[in-house]
Structures are given as C-alpha cells and as structure tokens.
Amino acid sequence: MSNAHDVVLVRAADAEVLADAPGSLITLLADSAQTGGKVTSNRATFEKGAIGAPPHFHTRATEFFFGLDGQLDVLVGDRIETLGRGDFLAVPPGTPHAFAPAADSTADVLVVFTPGMDRFDYYRLLDRVNKGEASVQEIRESGQHFDNHYFESPVWAGRAGR
C-alpha cells in the first residue's frame, strides 16, 4: 500500500517550462528524485516545423510517448511511425529513436521514462544552449551522464516533409 507522502502532484501553474529549441517547449512534470527513481515525466509541445529530438537511444530506461494533440513522427529503429491524439508508443532501452512534429502539424506529447532518469538538468542544458548560454559541445559531453547516445540515421534524415 502506498502512503500519501509518495504521491507526486504538479500543478500546471507551478511547472517549469523550458524552450529547448525554436518552436519547442518542455514542461517539467516529475523527475526521478521526486518519484523515488520510478519515473521521469515531461510534456513536449512542438510548433509546425520544430526540429524535435535527433536520433538517439537510452541504455537504462524505456521511453513512453502519449499523443495529446497534433501528430508526432517518431523514428523507431529503422522505421517512422506517426502518432496522433490518443496514440501510445513504448520505446525500450537500446532502441534507436527520434521525434518531431509531422510535416505541416503541431504536436503535444506526454513523455514518461521508467525507471526515472534525472532528465530535468538535461532539459535545462538544452534551454541554456537555445538561449546561447551553453554550447552544443556540452550536450555531446553530457551523453553518458544523461544516457543520451546520439547517432546518424539516414531514415530520419530522409523523412518526407523535411
């Protein structure tokens, strides 16, 4: 049985919102420290044409995507799936993936990692890079720490509408 002190409640008005790239917002909901390492969760909101997340994989957590609105293209291995409102996708550890709004669409997505991954400082780093306060090299150097392992994907690079 769970105790009331295990409950995590984040009010929309209190959530930290970051701009990780032009046309892309990340709303921080719950990080690993708040959930006892169980989950990390954020909301990703993309305007039309936003670049999204480049091809990468995680070694320690499954990443879940739940479509709230719009359409999201997601690279999964060597194929691209398009998620719409109400669609759900689970990407297991080690699976190459990337995501961005589908061509001519916005996207609003709930993202959850389990187990939790202490992602909030990574998102804050992206926000600082977007503002010119940090370098892309810092993102590259943080790969091991934040379990983000980037690679080139011809499938993602050649997707329609980009």
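Quick caveat: nothing in here was measured; it's all calculated off a predicted structure. (Residues numbered from 1 in each chain as written. Predicted model: local features only at pLDDT ≥ 70, side-chain atom pairs only at ≥ 80, totals over all residues. Heavy atoms only, no water.)

Peer 1: An account of the UniProt feature "domain: Cupin type-2" (unreviewed entry) in the protein is needed here, citing residue identities and associated values.
Peer 2: UniProt's entry tags residues 44-113 with the feature "domain: Cupin type-2" (unreviewed entry), counted in the numbering of this structure. The span residues 44-113 is 0% helix and 61% strand, and its two end C-alpha atoms sit 13 Å from each other. (UniProt positions renumbered as here; feature names shortened; annotations may be inferred. Helix = DSSP H or I, 4+ residues; strand = E, 2+ residues; numbered from the N terminus.)

Peer 1: Explain the sheet that holds strand 7 (residues 79-83) to me, and be specific about the residues and the numbers.
Peer 2: Read from one edge of the open sheet, five strands run 7-6-9-4-11, paired in antiparallel fashion. Whereas interior strands pair on both sides, the edge strands pair on one side only; in this sheet they are strand 7 and strand 11 (149-150). Summarising the sheet, strand 4 (residues 53-57) and strand 9 (residues 97-101) pair through two bridges and their orientation is antiparallel. Along strand 9, the bridge assignment pairs Ala53 with Phe99. (Pairing = 2+ DSSP bridges.)

Peer 1: Account for the environment of Ser24, with residues named and values stated.
Peer 2: Secondary-structure assignment places Ser24 in strand 2 (residues 24-30). The spacing of Ser24 and Lys48 is 24 residues in sequence and 9.4 Å in space, taken between C-alpha atoms. Leaving out residues up to four positions away in the same chain, Ser24 has contacts with Leu18, Ala19, Thr45 and Phe46. A distance of 2.6 Å separates a polar atom in the side chain of Ser24 from a polar atom in the side chain of Asp20. (Contact = heavy atoms within 4.5 Å. Polar contact = N/O pair within 3.5 Å; in protein donor to acceptor, adjacent residues only side chain to side chain.)

Peer 1: Which residues make up the sheet that holds strand 8 (residues 88-91), and what are the values?
Peer 2: Spatially, the six strands line up as an open sheet ordered 1-2-3-10-5-8, and their pairing is antiparallel. Each end of this open sheet is capped by a strand with a single partner; those strands are strand 1 (16-21) and strand 8. Strand after strand, the sheet turns through a mean of 25° between neighbouring axes, direction not considered. With respect to the sheet, helix 1 (residues 120-130) is in contact with strand 1, strand 2, strand 3 (40-46) and strand 10 (107-114), its orientation differing from that of strand 1 by roughly 55°. (Axes fitted to C-alpha atoms, helices over the stretch in contact; angles between N-to-C directions.)

Peer 1: Tell me about the layout of surface pockets, and please be specific about residues and values.
Peer 2: Taken as a whole, the largest pocket spans an internal volume of roughly 730 Å³. Only strand 1, strand 2, strand 3, strand 4, strand 10, helix 1, helix 2 (136-141) and helix 4 (154-157) provide two or more residues apiece to the lining of the largest pocket. Along the lines of polarity and charge, the residues of the lining of the largest pocket split into 22 nonpolar, seven polar and five charged. (1 Å grid on protein atoms, 1.4 Å probe; cavity = no way out; pocket = protein on both sides within 12 Å on 5 of 7 lines; lining within 4 Å. Points joined across faces, edges and corners; volume = space filled by probe spheres on them. Nonpolar A, V, L, I, M, F, W, Y, C, P; charged D, E, K, R; others polar.)

Peer 1: Tell me what's going on with the packing of aromatic side chains, and back it up with residues and numbers.
Peer 2: In total, this model carries six aromatic pairs according to the counting rule given. A ring pair is formed by Phe46 and Phe99, whose centres lie 6.2 Å apart and whose planes are at 65°; its orientation type is edge-to-face. Of this pair, Phe46 sits in strand 3 while Phe99 sits in strand 9, and the two are 53 residues apart along the sequence. Each of the two residues, Phe46 as well as Phe99, counts as buried. Counting every residue linked through ring pairs, the aromatic cluster contains Phe46, Phe65 and Phe99. The ring of Trp156 has Arg159 sitting right over it, with the charged end atom 3.9 Å from the ring centre. (Phe/Tyr/Trp six-rings, centres within 6.5 Å; stacked < 30°, edge-to-face > 60°. Buried < 20%, exposed > 50% of the residue type's maximum accessible area, 1.4 Å probe, protein only. Lys NZ or Arg CZ within 6 Å of the ring centre and 35° of its normal.)

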